[in-house]
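Given next are the chains, with one letter for each unit.
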Amino acid sequence: MEKTRIILDPTYQIGAVDPRIFGGFLEHIGRAVYEGVFDPNSAHADENGFRKDVLEALRQLRMTAMRYPGGNFASGYHWMDGIGPKQQRPTVRELAWQSIEPNQFGTDEFMKMASMMEWVPMITVNLGTGTPEDARNWVEYCNCPVGSRYADLRAKNGSKVPYQVKLWCLGNEMDSPWQLGHVPANLYAIYAQQAAKLMKDTDPSIETVACGTCSISLPTYMEWDRTVLEYIGSCADYVSLHRYVGNPKGNTADYLAVTNSIDQQIEEMDAVCRYVQARSKSKKRHYLCFDEWNVWYRNRSAEHTKGSGKFAPPLIEEHYNLEDALVVAGFLNSFIRHANVLKIANIAQIVNVIAPILTRSDDMLLQTIFYSFAMYSSRRGGIALLPSISGPAYDSPSYGRVNTIDTSAILGDGVLHVFLVNRNTSEIAEIEIDHCRGNIVSVKAAEILSGPGPDACNTFENPNAIRSLPLQTVKVSEGKASVVLPPLSAAAITFITA
Ligand code: AHR
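Residues numbered from 1 in each chain as written. Predicted model: local features only at pLDDT ≥ 70, side-chain atom pairs only at ≥ 80, totals over all residues. Heavy atoms only, no water.

Novice: So what exactly am I meant to see when it comes to the packing of helix α1 (residues 52–61) against helix α2 (residues 107–117) here?
Specialist: The axes of two packed helices give the description: the angle between them and the distance between them. Where α1 meets α2, the closest approach of the two axes is 11 Å, and the angle between their N-to-C directions is 50 degrees. Judged on the interaxial angle alone, α2 and α1 are oblique. Judged by the twist between their axes, the crossing of α1 over α2 is right-handed. Listed contacts from α2 to L55, L58 and R59 of α1 are M113, M116 and M117. The class makeup of the residues in the contact of α1 with α2 is 5 nonpolar, no polar and 1 charged. (Axes fitted to C-alpha atoms, helices over the stretch in contact; angles between N-to-C directions. Helix = DSSP H or I, 4+ residues; strand = E, 2+ residues; numbered from the N terminus. Parallel < 35°, antiparallel > 145°, perpendicular 65-115°, else oblique. Left-handed = near helix turned anticlockwise from the far one by under 90°. Contact = heavy atoms within 4.5 Å. Nonpolar A, V, L, I, M, F, W, Y, C, P; charged D, E, K, R; others polar.)

So this is what it looks like as structure tokens:
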């Protein structure tokens, strides 16, 4: 294969990378909360009932913003069911996932976990069956000093000090016909504006995320977003994007080219934000919050999405392979390349449910995507650079022409992080990196994720088949670097620069 040349000019800056793009998502669905992070019966449970082994693994992912409690679940959730003495909390029939919800994990448990894990809490209010006033009360419970009803309730439940939840989602996927309480855009815009105003009146320091279109294939794509943003104006700070991708046709090269479509989705949503700002002649610019993204296509049928009235049924538990891990790397490349407009992103989800971690009783498995996420999230600080790339490319039937090497780069303090994905399914790639006007001095750390084929995966029986390993084939000479990558691989390299 022809060599790829990447030029990374330190003066070609896209924008500062917001650490919140390395966020996660914990929803009350399937075995995500119960059996996933919270299982008082597990041998790994701590005094709170939190699974120490799972939290320890999650710590390695260094996640930032953690979205909770849904997802579709949020649109039927009454937050007051999940607070107070546990034996008095109601067990309810949960409609989004057709499951039983015992409310043994709620706001206070989530906040304790978020504090232990140093996550930035991000709460989704119920705009499906809930009211703007419920949402405002939740903000008071979380953020206000004692001296009023809900803040005093929080103190009574154990935390006199406010939780300071700064990020609030104004409902979830309200454009989707499957959402509890789904309404047309003009109605959602009114509810969301009412809720956001009450919430911001309660705590002016919070930031809010309006529901954008949750699937690019919905007929209201873009029109929903324009309608909502024009109406809500400065009551929202961000608009949400969601994306789940997959390889149903079994065409690896085509699947890996999905980054074109992710780039396009981000740019189209940004175009709506700019359009709305221009039309309204406003100083307010909405930024993007990609608060659900991942690979999800194998477990879409009713048997995987409907819990048949059970407690913690195994729902949407995707088993990830190497090509999925490379697609996760591709999502993150795209986010870094759009650092100027994309400020928050949450991989959906964190354990058992479309997640980097699976549990089976007291055992735990790190999936392939765990490693690609970790390789990126440990290299977060700095300014995203605009890469100039020349080299081999191919035509993907679904997504058009793509470079064989997908890349992004972050310029940190005395370091340069470079991310590379070799999408070629059979050939090694030779890559030259020229940090022109900068100077690469040496390699500080470099890892690679690869495997024998696109379907290779980890199992409970063979848990270490696919994992990141030190990358040996990177050399530095005369201020430039050269890298050799095997087919179907992702690499993350930190260079020391002068
Ligand atoms: O992450 C699983 C589900 O996908 C979420 O609950 C919903 O928002 C989306 O459709």
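Novice: Help me understand the pairing of strand β9 (residues 207–210), please; the structure alone is not making it clear to me.
Specialist: The pairing of strand β8 (residues 167–170) with β9 spans 4 bridges and is parallel. Each residue of the ladder has a partner; that of L167, found in β9, is E207. Of the pairings in the sheet, the one linking β9 to strand β10 (residues 238–245) comprises 2 bridges and is parallel in character. The partner of A210 across the bridge, within β10, is V239. (Pairing = 2+ DSSP bridges.)

Novice: For this particular structure, what's the right way to read the side chain of N321?
Specialist: Examined against the element boundaries, N321 turns out to sit in the loop between β12 (310–311) and α10 (322–337). Within the structure, N321 has its side chain in polar contact with the backbone nitrogen of D324 (distance 3.0 Å). If near-sequence neighbours (up to four positions away) are discounted, N321 is found in contact with R298, T368, P454, D455, A456 and C457. (Polar contact = N/O pair within 3.5 Å; in protein donor to acceptor, adjacent residues only side chain to side chain.)

Novice: Looking at this model, I keep getting lost on the site of the ligand. Mind explaining?
Specialist: Close contacts around the ligand come from 14 residues, with E27, N72, E173, Y244 and E292 the closest. For the ligand, an oxygen atom lies 2.9 Å from a polar atom in the backbone of N72. Separating an oxygen atom of the ligand from a side-chain N or O atom of Q349 is a distance of 3.0 Å. For the ligand, the accessible surface in isolation is 280 Å², of which the surrounding protein chains cover 96%. Class assignment for the residues of the shell around the ligand results in 7 nonpolar, 4 polar and 3 charged. (Near = heavy atom within 4 Å. Areas by Shrake-Rupley, 256 points an atom, 1.4 Å probe, with all protein chains shown as cover.)

Novice: Before we go on, may I ask you to explain the state of the cysteines in this structure?
Specialist: Between two cysteines, a covalent bond joining their sulfur atoms is known as a disulfide. Throughout the structure, instances matching the rule amount to 0 disulfides. Free of any disulfide, C273 has its nearest neighbouring cysteine sulfur in C289, separated by 11 Å. Take C273: its relative accessible area is 1%, and that puts it in the buried class. (Disulfide = S-S within 2.5 Å. Buried < 20%, exposed > 50% of the residue type's maximum accessible area, 1.4 Å probe, protein only.)

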